[in-house]
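Residue strings, one per chain:
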Amino acid sequence: MVTVMKYILCLLLTLSATISHASNDDWRKSDNDKEKLNKIIKVIPSTSDIMFQMGERYKNLYWAAKQGKWAFAEYQLEEMEGLIKTLMITRPKRGETAANFLAYGLNGYEDAIENKNWAAFQKAFSKMRQACEHCHKQNRHAFIKLQKTPAKGSSPVLD
Ligand code: HEC
């Protein structure tokens, strides 16, 4: 009787070890290449992942220029351009409207930043906001409107 009990206990332990092993299974090692690729495609940045960053950079861009931190403003713009290019890869359906933004949404900044010209910057910023909102409209998210004058930035680089 005791032997049988021991046998059952041993069986149960082995079974639970197998189950927990299955749930801890590392797909990065055990999946085949096709399964791995499918999982990786599922977790590449979504539009909202990218846009959340765009929103922060939009605020930081404004406040960097306002505080005369022109190099940081320029850096925000480069990162925003990079984000839109990433979006074109991860979400091909947004590709056409994204390309449109790259053609019109970033205009006017080069001179403004080179000449540290706040008035010219404000014009470029206003055009950018319109281009952002235009894309939201084209992608059925017209309700996502942006502050004309962001209340504050979020970066610790800013005052
Ligand atoms: C290619 C089109 C496109 C462009 C260009 C674009 N957006 Fe968006 N944005 C979207 C879409 C689509 C959504 C809705 C997200 C979704 O579908 O999940 C969105 C959502 C957002 C959100 C809400 C994010 C959230 O989840 O809380 C913010 C903030 C935002 N955009 C800011 C901006 C800013 C700032 C710019 C310009 C500097 C910009 N967007 C340019 C398409 C665009």
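Keep in mind the model is a prediction, meaning the values are calculated, not measured.

A.B. asks: Just give me the short version of the overall build of the protein, but keep the residues and values in it.
C.D. replies: Looking only at helices and strands, one finds 8 helices and 0 strands in the protein. Shown N-terminal to C-terminal, the secondary structure of the protein runs as helices and strands in the order α-α-α-α-α-α-α-α. Relative to its full complement of 159 residues, the protein shows a buried share of 16%.

A.B. asks: Go over the site of the ligand with me, naming the residues and quoting the values.
C.D. replies: Among the 21 residues in the neighbourhood of the ligand, the closest are listed as Met-51, Gly-55, Phe-101, Cys-132 and Cys-135. Where the shell around the ligand is concerned, the elements lending two or more residues are helix 4 (47-66), helix 5 (70-90), helix 6 (95-104) and helix 8 (118-138). Per element, the largest residue contribution to the shell around the ligand is 7 residues, and it comes from helix 4. Residues of the shell around the ligand, tallied by class, amount to 13 nonpolar, 7 polar and 1 charged.

A.B. asks: Explain the environment of Lys-123 residue by residue, including any values.
C.D. replies: Of note, Lys-123 is situated in helix 8. C-alpha separation for the pair Lys-123 and Asn-107, spaced 16 residues apart in sequence, amounts to 9.7 Å.

A.B. asks: Outline the nonpolar core, supporting the account with residue identities and numerical values.
C.D. replies: In terms of nonpolar packing, the biggest core is built from 19 residues, with Leu-61, Tyr-62, Ala-64, Ala-65, Phe-121, Ala-124 and Phe-125 touching the most fellow members. Contributions of two or more residues to this core are made by helix 4, helix 5, helix 6, helix 7 (109-114) and helix 8. Residue contributions to this core peak at 7 residues, all from helix 4.

A.B. asks: I'd like a rundown of the environment of Phe-125, residues and numbers included.
C.D. replies: With respect to the helices and strands, Phe-125 occurs in helix 8. Given 21 C-beta atoms within 10 Å, Phe-125 falls into the buried group. Sequence separation between Phe-125 and Gly-105 is 20 residues; the distance between their C-alpha atoms is 8.8 Å.

A.B. asks: So what about unusual backbone geometry? Which residues, and what values?
C.D. replies: Phi at Lys-116 is positive, roughly 50°, even though this residue is not glycine. Mapped onto the fold, Lys-116 is located in the loop between helix 7 and helix 8. Taking the number of C-beta atoms within 10 Å as the measure of exposure, Lys-116 has 12 and is therefore exposed. With a phi angle near 60°, Arg-140 is a residue other than glycine that sits in the positive phi range. For Arg-140, the location among the structural elements is in the segment after helix 8.

A.B. asks: Before we move on, could you go through the packing of helix 5 against helix 6 and cite the residues and values that matter?
C.D. replies: As a packed pair, helix 5 and helix 6 sit with axes 9 Å apart at the nearest point and diverge in direction by 160°. With respect to each other, helix 5 and helix 6 are oriented roughly antiparallel. Two packed elements cross with a definite hand, and for helix 5 against helix 6 that hand is left-handed. Contacts between helix 5 and helix 6 pair Glu-81, Ile-84, Leu-87 and Met-88 from the former with Gly-95, Ala-98, Ala-99, Phe-101 and Leu-102 from the latter. In the contact of helix 5 with helix 6, the residues fall into 7 nonpolar, 1 polar and 1 charged.

Rules of the game
Residues numbered from 1 in each chain as written. Predicted model: local features only at pLDDT ≥ 70, side-chain atom pairs only at ≥ 80, totals over all residues. Helix = DSSP H or I, 4+ residues; strand = E, 2+ residues; numbered from the N terminus. Buried ≥ 20, exposed ≤ 12 C-beta atoms within 10 Å, placed from the backbone. Near = placed C-beta within 6 Å. Nonpolar A, V, L, I, M, F, W, Y, C, P; charged D, E, K, R; others polar. Core = buried A, V, L, I, M, F, W, Y, C linked by C-beta atoms within 7 Å. Axes fitted to C-alpha atoms, helices over the stretch in contact; angles between N-to-C directions. Parallel < 35°, antiparallel > 145°, perpendicular 65-115°, else oblique. Left-handed = near helix turned anticlockwise from the far one by under 90°. Contact = placed C-beta atoms within 7 Å.

So far we have only geometry, and geometry alone does not tell us how the molecule works.
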